Amino acid sequence: MSQDYSAENIQVLKGLEAVRKRPGMYIGSTGPEGLHHLVYEVVDNSIDEALAGYCTTVHVVIEEGNVIRVEDNGRGIPVEMHQEEGISALELVMTRLHAGGKFDKNTYKVSGGLHGVGVSVVNALSEWLEVTVNRNNRVYYQRYLRGDPEHPVKEIGSTESRGTTVRFKPDKEVFETVEFSFDVLSSRLRELAFLNRGIKIILEDFRHGEEKRHDFFFEGGLISFVDFLNKSKTPIHKNVIYLEGNRDHVDIQIAMQWNDSYQENVFSFVNNINTREGGSHLTGWRGGLTRTINDLAKDPRYKKLYLEPLTGEDIREGLTAVVSVKIPEPQFEGQTKAKLGNSEVKGIVESFVFEKTSEYFEKNPKEAESIVQKVLMASKARIAARNAREQARRKTAFESNGLPGKLADCQEKDPSKCEVYIVEGDSAGGSAKMGRDRAFQAILPLWGKMLNVMKTREDKVLANDKLLPVILTLGCGVGKSFDISKLRYHRVIIMADADVDGSHIRTLLLTFFFHYMRELLERGHVYIAMPPLYKLSYQKLVEYAYNDEERDTILKKWDAPEGKVTIQRYKGLGEMNPEQLWETTMNPQTRNIIQIRLEDVVEADTIITTLLSEEVGPRREFIEKNALKVHNLDV
Ligand code: 0RA
């Protein structure tokens, strides 16, 4: 109650005040990511209720004004008086840090990490929040301002149904932005629906002009997840391999399917949290799988192809997999707390995977055959790549500094101050070299068609005469030997024309980075330069416009007589002289560059795969559905 500050109440307010003082400690950040975490936090509680077997549907609505409503049909948060505390259990859950999971030990609660901090944190960070519980045929209600109850829990009606509804408006005093993204919520909710088979999750956007709805329900769970990831790829065996079991309190679910590409695409989760940095569950899975496949490949009939023991990389080439475990007390480690630390999990998962996959392949010899053949080819290619790398190393040893001849390097040596422009075409490269500030800007010209790395094996990628200079210039290697600490420029800027060829180069370079230097994207080192589309001159005035809207704004501003303004439309970078190129596209004070971030790797890989797919069907469908987004990616 707002006025009635018992000693107890003051303690509570202090707890929530701590959350408001350091929101980042509880939800990671006060940027868009933290904002969206609020929703996940509330949804997680409903998912837990579903996992306990009492809830089938979770309904998330973005209401007008960026108010979020999460509704479930579970048992409803208990409202009974708590003996010791003398307040309703509901109020306890909503106002005490970490009080969320105390009632029910059977479900998996996460003690660390960004999730599982409890809905009270959402409450503390909301301008207002209201909770409605349908339980015991009654409707209970309580409303809070920045976490502080406006009144005790009250009974406001009767009902036949059961469930919990939480509505809240994030506090704009706390968050940098309070604008929710339908797409961001949609991809996480889709992921949750994949990870928790049989739960129906609905997302609706009721904001004006944004009306949308996605329904997620996957009877196949992780099998559907792998189908989704492989949607625009060509599997080399028919069925997704699915393993499931519980060993020593570890719930294990794994789905995998190999396709004819060369990329490994593995996602791992612990208690529904994406462990981007991997950890003991992933190490265990890799170990078990490597053992099984090596055993299969040692069969005498592969004698001619089995040259040396197969590595994990051989085995996982073209493999799409989702590894999901649920454990009672996860320990998260690593830079972003996205790595599972519990060491006991490794052995548990490893022996489980070894047993279950051996059994599976024994029952499905045809699938085993296709997979082993593919893996043996990968091993052969790896040996060829090793030789190619050795050759490349020998070749670069002859060049004085190991840098490509075409690179015009900068003078500065501190990578954090340096940037490199990767420039399409020779003439633009020439202008860029002359126009740049050589103190900190390097230029690497590239020309000709880039190769499609999705369809190329690593040995060819490394030896490719377009990509080798990029690899050498950046200095940090590729693939598993990639070392970000060796990066020579902290801003890697792709500069290409605004036409089809330019967009091709951009997409291919981004794809290459995505598959061979992903950390570069994750850490936000990659940028796209935005050359202007128009040069406008009128008497002594000159201005550049980066799109049609800007052009029209300038024209309006000048208000010149008909026919007196010269509008030059740039068809390519080559049309600009060095000074113009500097002024419009390279001068940090005036240029326009876009940082490329791949926050959601699942979505990004789907986008890139779909865009590059040679099957016209999925690509056209994708472009039709996502015309706007594609436009953004493919600036
Ligand atoms: C603890 C105990 C019980 C239900 C819940 C928590 C619960 C919490 C949330 C949060 C969102 N939706 C929820 N649904 C349920 C039930 C205990 C019982 O009825 O015996």
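The coordinates are above.
Residues numbered from 1 in each chain as written. Predicted model: local features only at pLDDT ≥ 70, side-chain atom pairs only at ≥ 80, totals over all residues. Heavy atoms only, no water.

### Points about the packing of aromatic side chains
- For the structure shown, the criterion picks out 10 aromatic pairs.
- Ring geometry for Phe225 against Phe269: centres 6.1 Å apart, planes inclined by 40 degrees, an arrangement best described as tilted. In this pair, Phe225 sits in helix α7 (residues 222–229) while Phe269 sits in strand β12 (residues 265–270), placing the two residues 44 residues apart along the sequence. One exposure class covers both Phe225 and Phe269, and it is buried.
- One aromatic cluster is present, built from ring pairs that chain together Phe194, Phe216, Phe218, Phe225, Phe228, Phe267 and Phe269.
- A cation over an aromatic ring shows up here: Arg75 above the ring of Tyr54, its NZ or CZ 3.7 Å from the ring centre. (Phe/Tyr/Trp six-rings, centres within 6.5 Å; stacked < 30°, edge-to-face > 60°. Helix = DSSP H or I, 4+ residues; strand = E, 2+ residues; numbered from the N terminus. Buried < 20%, exposed > 50% of the residue type's maximum accessible area, 1.4 Å probe, protein only. Lys NZ or Arg CZ within 6 Å of the ring centre and 35° of its normal.)

### So, the site of the ligand
- Close to the ligand lie 11 residues, the nearest being Asn45, Glu49, Asp72, Arg75 and Arg135.
- Within the contact set of the ligand, a nitrogen atom lies 2.6 Å away from a side-chain nitrogen or oxygen of Asp72.
- Relative to its unbound accessible surface of 450 Å², the ligand loses 78% to contact with the protein.
- Here the element with the most residues in the shell around the ligand is helix α3 (residues 32–51); it accounts for three residues.
- Grouping the amino acids of the shell around the ligand by side-chain chemistry returns three nonpolar, four polar and four charged. (Near = heavy atom within 4 Å. Polar contact = N/O pair within 3.5 Å; in protein donor to acceptor, adjacent residues only side chain to side chain. Areas by Shrake-Rupley, 256 points an atom, 1.4 Å probe, with all protein chains shown as cover. Nonpolar A, V, L, I, M, F, W, Y, C, P; charged D, E, K, R; others polar.)

### Considering the packing of α3 against helix α6 (residues 182–195)
- Here α3 crosses α6 at 25 degrees, and the two axes come no closer than 11 Å. By the angle between their directions, the pair α3 and α6 is classed as roughly parallel. Helix-helix and strand crossings are classified by hand; for α3 and α6 the assignment is right-handed. Facing His36, Val39, Tyr40, Val43, Asp44 and Ile47 of α3, the residues of α6 in contact are Val184, Leu185, Arg188, Leu189 and Leu192.
- Residue classes in the contact of α3 with α6 are distributed as eight nonpolar, one polar and two charged. (Axes fitted to C-alpha atoms, helices over the stretch in contact; angles between N-to-C directions. Parallel < 35°, antiparallel > 145°, perpendicular 65-115°, else oblique. Left-handed = near helix turned anticlockwise from the far one by under 90°. Contact = heavy atoms within 4.5 Å.)

### Re the sheet that holds strand β22 (residues 541–545)
- Taken in spatial order, the three strands of this open sheet run β22-β21-β23, and their pairing is antiparallel. Looking at strand neighbours, the two that pair on one side only are β22 and β23 (566–569), the edges of this open sheet. Between one strand and the next, the sheet's axes are offset by a mean angle of 15 degrees, whatever the strand orientation.
- Note: strand β21 (residues 534–538) against β22, five bridges, orientation antiparallel. Bridged to Ser537 within β22 is Val542. (Pairing = 2+ DSSP bridges.)

### Considering the side chain of Asn66
- Within the element layout of this structure, Asn66 appears in the loop between β1 (57–63) and β2 (67–72).
- A relative accessible area of 9% places Asn66 in the buried class.
- Of note is the side chain of Asn66, whose polar atom sits 2.9 Å from the backbone nitrogen of Phe180.
- Among the polar contacts made by the side chain of Asn66, one reaches the side chain of Arg207 at a distance of 2.9 Å.
- Ignoring any residue separated from it by four or fewer positions in sequence, one finds Asn66 in contact with Phe168, Pro170, Val178, Glu179, Phe180 and Arg207.

### A closer look at the sheet that holds strand β20 (residues 526–529)
- Overall, mixed pairing links the five strands, which are arranged β18-β17-β19-β20-β24 in an open sheet. Of all the strands in the sheet, the pair left with one neighbour each is β18 (441–446) and β24 (593–595). The sheet shows a mean angle of 25 degrees between the axes of neighbouring strands, taken without regard to direction.
- Relative to β18, strand β17 (residues 419–424) runs parallel, the two sharing six bridges. Following the sheet pairing, Glu419 is matched in β18 by Gln441.

### Quick look at the pattern of salt bridges
- For the structure on display, the rule yields 42 salt bridges.
- Two residues, Asp205 and Arg207, come together in a salt bridge whose shortest N-O distance is 2.8 Å. Each member of the pair, Asp205 together with Arg207, is buried.
- Note that Asp299 is salt-bridged to Arg301, the shortest N-O span being 3.4 Å. (Salt bridge = Lys/Arg side-chain N within 4 Å of Asp/Glu carboxyl O.)

### Structural notes on the nonpolar core
- Within the largest apolar cluster, 61 residues are counted, with the highest numbers of intra-cluster contacts made by Val39, Val43, Val60, Ile68, Met94, Phe168 and Phe225.
- Excluding residues that lie within four positions of it along the chain, Val43 makes contacts with Val58, Val60, Val70, Leu189 and Leu192. (Core = buried A, V, L, I, M, F, W, Y, C linked by side-chain atoms within 4.5 Å.)

### Examining the pairing of strand β19 (residues 491–495)
- Taken across its five residues, β19 has four buried, putting it largely inside the fold.
- Looking at chain direction, β17 and β19 are connected through five bridges and run parallel. Paired with Ile422 across the bridge in β19 is Ile494.
- For β19 and β20, the ladder comprises three bridges, and the chain directions are parallel. The residue bridging Ile493 from the neighbouring strand is Tyr527, located in β20.

### Quick look at the packing of α6 against α7
- Close contact between α6 and α7 brings their axes to 7 Å; oriented N to C, the two are set at 135 degrees. By the angle class used here, α6 and α7 are oblique. Here Arg190, Glu191, Phe194 and Leu195 of α6 lie close against α7, whose contacting residues are Leu222, Ser224, Phe225 and Phe228.
- Along the lines of polarity and charge, the residues of the contact of α6 with α7 split into five nonpolar, one polar and two charged.

### Notes on unusual backbone geometry
- Look at Asp248: it is not a glycine, yet its phi comes out positive at around 45 degrees.
- Checked against the element boundaries, Asp248 lands in the loop between β10 (241–247) and β11 (250–258).
- Note on Asp248: relative accessible area 59%, which makes it exposed.
- Its identity is not glycine, yet Lys337 carries a phi of approximately 55 degrees, on the positive side.

### Observations concerning helix α17 (residues 548–558)
- Among all positions of α17, only Arg551, Ile554 and Trp558 are buried. In an axial view of α17, the angular spread of the buried residues amounts to 65 degrees, which keeps them on one side of the axis. What points out from α17, more than 90 degrees from its buried face, is the exposed set Glu549, Lys556 and Lys557.
- Where α17 is buried, its residues contact β21, β22 and β23. (Arc of directions from axis to C-beta.)

### What about helix α14 (residues 467–474)?
- The element α14 is extensively covered by neighbouring structure, given that seven of its eight residues are classed as buried.
- For α14, every residue scored as buried is listed here: Leu467, Leu468, Pro469, Val470, Ile471, Thr473 and Leu474.
- Buried residues along α14 sit in contact with β17, β18, α13 (458–463), β19, α15 (500–516) and α16 (518–522).

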